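Structural description and commentary
Okay, here's what each chain looks like letter by letter:
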Amino acid sequence: MKNTHYDIYGGQYVAETLMPALEELTRAYEKFRNDPDFVAEMKYFLHDYVGRESPLYFAERLTAHCGGAQIYLKREDLNHTGAHKSNNTLGQALLARRMGKKRLIAETGAGMHGVATATVAARFGFECEVFMGEADIRRQQPNVERMAMLGAKVRSITSGTGTLKDAMNEALRNWVETVEDTFYVIGTVAGPAPYPEMVKDFQSVIGREARAQFLERTGKLPDEVIACVGGGSNAMGIFAGFENDPGVKLVGVEAGGMGLETGHHAASINGGRVGVLHGSKSYLLQDADGQVLDAYSVSAGLDYPGVGPEHAFLHDTGRAEYTAINDDEAIAAFDLLCRLEGILPALESSHAIAQAIKNAPRLGKDKAIVVCLSGRGDKDMENIRAYKAGKKILNCE
Amino acid sequence: MNRFQKIFSRGRKVAIGYATCGCPDTESSIEFMHGMVAGGTDILELGVPFSDPTADGPVIQRSSQLALRNGFRVEKAFGIASALRKAYPELGLVLFSYYNPIFSMGPEKFAERAQQAGVDGALIVDVPFEERGEIEPMLNARGIELVPLVSPATPPERMKKITAGCGSFVYYITVRGVTGTRSALPDDLQKNLAALRRAAAPAPVAAGFGISSPETARAAAAGADGIVIGSAFVKIQLDETLSAAEKKAKAEALARLCFGAVR
């Protein structure tokens, strides 16, 4: 195992019942990650099934509108299932198959990871159960229906605020009971080791492609790479391609919700402090007593009180900068991308777009920004309509 | 000899009971624990409520949420421990918690406050052997033992590693699953307990999770040095139809019934 810890962050803070399962997973992952058959199979399915490589698209009209740096979009929204999530679920499913597991479980917030897990479960013949908070089930109905059609069972979680954190609590509880035959497909670069490193590995295809595509096109590297951060898997995936290029500024965008000052946000790095949740140590939204606070964002996929441990590490070392974009700014960016580029981004990705819109005018026209457009926004239409109509946001009653 | 060693050397099965601090409020949880002790509890596990109890079933989840809604603070757990220590000099006291409230306070301060409150041990569900180093030395420096956990999934060589040097008792999780009452215990219980006792010796072994009746108590006690009852007590704590005095009486009766069955 290369990285159980990132300085003080990461680790394996789980019940003893799960430790042998994590050891088994670590061994399997170490055995297969560089196995030629595994690598070839990944490559085949990423190409023929997920549809990679995804384009790096020059957003010409958005660039002209902002009047500064050129904005490029890494089109993860064009992947099978409509987000970057399938890069990871594919990898974990192929690993689960080699480990002889029969059943996949997953937590999901916006439903994109749930759909991506249900998809690979269908393709490779696993049973599948997805844990989803009841507030998210209401916010993301289309994805709930997609999972059902793919043959997955969606379990509604009513504890806590019925969002991603509570879904992950329940998935962990279920895993403790079913650990013999069940593989827990974690959807982000959080959780106990080896998940943060493994999920980064599977998502790093985003950054590898983006770097090569940009280089081929322009003969140089971009000045900034921007991605949204909930747990942080799309960000870690695209950052991975540029982590050894010190001239490329890495920017992670957290969900500022109603504004950091209101306390209603999901910005763990900008508005939290170090703590331990769901198996790893990282920045965490919590009260003075160490009780975890509920996150809030208009975007269900960013609505999580923690963040992957390597992001905490990149923040502390200064290698990446972490900003916050609030609900209104994200919605405005969503509108702009729809109207100017004919691309309907996920609300999560809209946070990254909003940051690019802010940063581009500050940079010269000879500079370039690559934004990870992590997913498509079809799932968000009802929520955006409701937001604009001034209705109460579902999980903030 | 520390208090645990004295308790386990009495020559009979040790009775360990869990209750949630602050459920439904501080005072009634203390009264409830008095009932448990009156019924024969040798070691009390004081559950420190946490917002995200991932190793707990619905009963302890509900009790934690209720305590937090009613204003539980970690500081109150030390107050509860102090009150019990004053009343019962021989009683074993274990703080049962998840790591974040402890980490948030700082392991050293936690250990200091626990020592002042007369606590003997700490059981931290989400700190496995691999992460122990950042809390165990601080606890030991204050004379507090970190109670190790072993599960049915733990292989024999790992049992040895986990239980080496244990100065309290080893907590054996009888089931693959979260806390909660069950009608029967797994078939592999006796075999696993025998293997664990060999690996852990001379440290004693207590079996917990899923024990709630004289039958399950006897089954668990047959191969262990002590048994733990948790959710069955907490169910009474949560019963809204009972007054605090009635809950206390029921706690005492449950302790007599189940712990009495193994004496």
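Procedures and definitions
- Residues numbered from 1 in each chain as written.
- Chains lettered and ligands numbered in written order.
- Predicted model: local features only at pLDDT ≥ 70, side-chain atom pairs only at ≥ 80, totals over all residues.
- Heavy atoms only, no water.
- Helix = DSSP H or I, 4+ residues; strand = E, 2+ residues; numbered from the N terminus.
- Rg over C-alpha atoms; globule rule 2.2 N^0.38 Å.
- Buried < 20%, exposed > 50% of the residue type's maximum accessible area, 1.4 Å probe, protein only.
- Pairing = 2+ DSSP bridges.
- 1 Å grid on protein atoms, 1.4 Å probe; cavity = no way out; pocket = protein on both sides within 12 Å on 5 of 7 lines; lining within 4 Å.
- Points joined across faces, edges and corners; volume = space filled by probe spheres on them.
- Contact = heavy atoms within 4.5 Å.
- Buried area = accessible area lost by both parts, 1.4 Å probe.
- Salt bridge = Lys/Arg side-chain N within 4 Å of Asp/Glu carboxyl O.
- Phe/Tyr/Trp six-rings, centres within 6.5 Å; stacked < 30°, edge-to-face > 60°.
- Polar contact = N/O pair within 3.5 Å; in protein donor to acceptor, adjacent residues only side chain to side chain.

Some thoughts on the overall build of chain B
Each helix and strand counted, chain B has 12 helices and 9 strands in total. In summary, chain B has a C-alpha radius of gyration of 17 Å against a globular reference of 18 Å for 263 residues, a match within 12%. Judged by the C-alpha coordinates and their principal axes, chain B covers about 45 × 40 × 35 Å. Across the 263 residues that make up chain B, the buried fraction comes to 62%.

Thoughts on the pairing of strand S1 (residues 14–20) of chain B
Residues and elements named next belong to chain B. Extensive coverage of S1 is indicated by the burial of 7 of its 7 residues. With burial as the criterion, each face of S1 is covered, one bearing Val-14, Ile-16, Tyr-18 and Thr-20 and the other bearing Ala-15, Gly-17 and Ala-19. Relative to strand S9 (residues 226–229), S1 runs parallel, the two being bridged by 4 bridges. Across the sheet, residue Val-14 finds its bridge partner in S9, namely Gly-226.

Focus: empty space enclosed by the protein
Residues and elements named next belong to chain A. Under the criterion given, the structure shown has 10 cavities of 30 Å³ or more. When its volume is computed, the largest cavity comes out at roughly 360 Å³. Every residue lining the largest cavity is counted, 29 residues in all, and those nearest its centre are His-84, Lys-85, Gly-301, Leu-302 and Glu-348. For the lining of the largest cavity, the secondary structure elements donating two or more residues are strand S5 (103–108), helix H5 (112–124), helix H8 (164–178) and helix H11 (233–240).

Quick word on the interface of chain A and chain B
In this complex, chain A contributes 37 residues to the contact, which on the side of chain B involves 37 residues. Counting the surface lost from both chain A and chain B, the interface buries some 2,900 Å², and carbon and sulfur atoms represent 49% of this. Counting the surface chain A buries against chain B, the share from its top three residues, Glu-16, Arg-173 and Asp-289 of chain A, is 24%. On the surface where chain A and chain B come into contact, there are 6 salt bridges.

So, the packing of aromatic side chains
Residues and elements named next belong to chain A. Using the criterion set out here, one finds 22 aromatic pairs over all chains in the structure. Considering the side-chain rings of Tyr-72 and Phe-214, the 5.0 Å spacing of their centres and the 75 degrees angle between planes classify their relative orientation as edge-to-face. Here Tyr-72 is found in strand S4 (residues 70–75), whereas its partner Phe-214 is found in helix H10 (residues 205–218), with 142 residues between them in sequence. The class of Tyr-72 is buried, set by a relative accessible area of 5%. Feature note: the residues Tyr-29, Phe-32, Phe-38 and Phe-202 constitute an aromatic cluster, connected by ring pairs.

Section: unusual backbone geometry
Residues and elements named next belong to chain B. The omega torsion of the bond from Cys-23 to Pro-24 falls at -5 degrees, within 30 degrees of zero and hence cis. Take Pro-24: it is sitting in the loop between S1 and helix H2 (26–38). With an omega dihedral of 10 degrees, the bond running from Ala-201 to Pro-202 counts as a cis peptide bond. Residue placement: Pro-202 occurs in the loop between helix H9 (189–200) and strand S8 (205–208).

A short note on the side chain of Thr-174 of chain B
Residue and element names in this part refer to chain B. With respect to the element layout, Thr-174 can be found in the loop between strand S7 (170–173) and H9. In terms of polar contacts, Thr-174 uses its side chain to reach the backbone carbonyl oxygen of Phe-209, at 2.6 Å. Among all residues touching Thr-174, those that are not within four sequence positions of it are Pro-152, Leu-185, Pro-186, Leu-189, Ala-207, Gly-208 and Phe-209.

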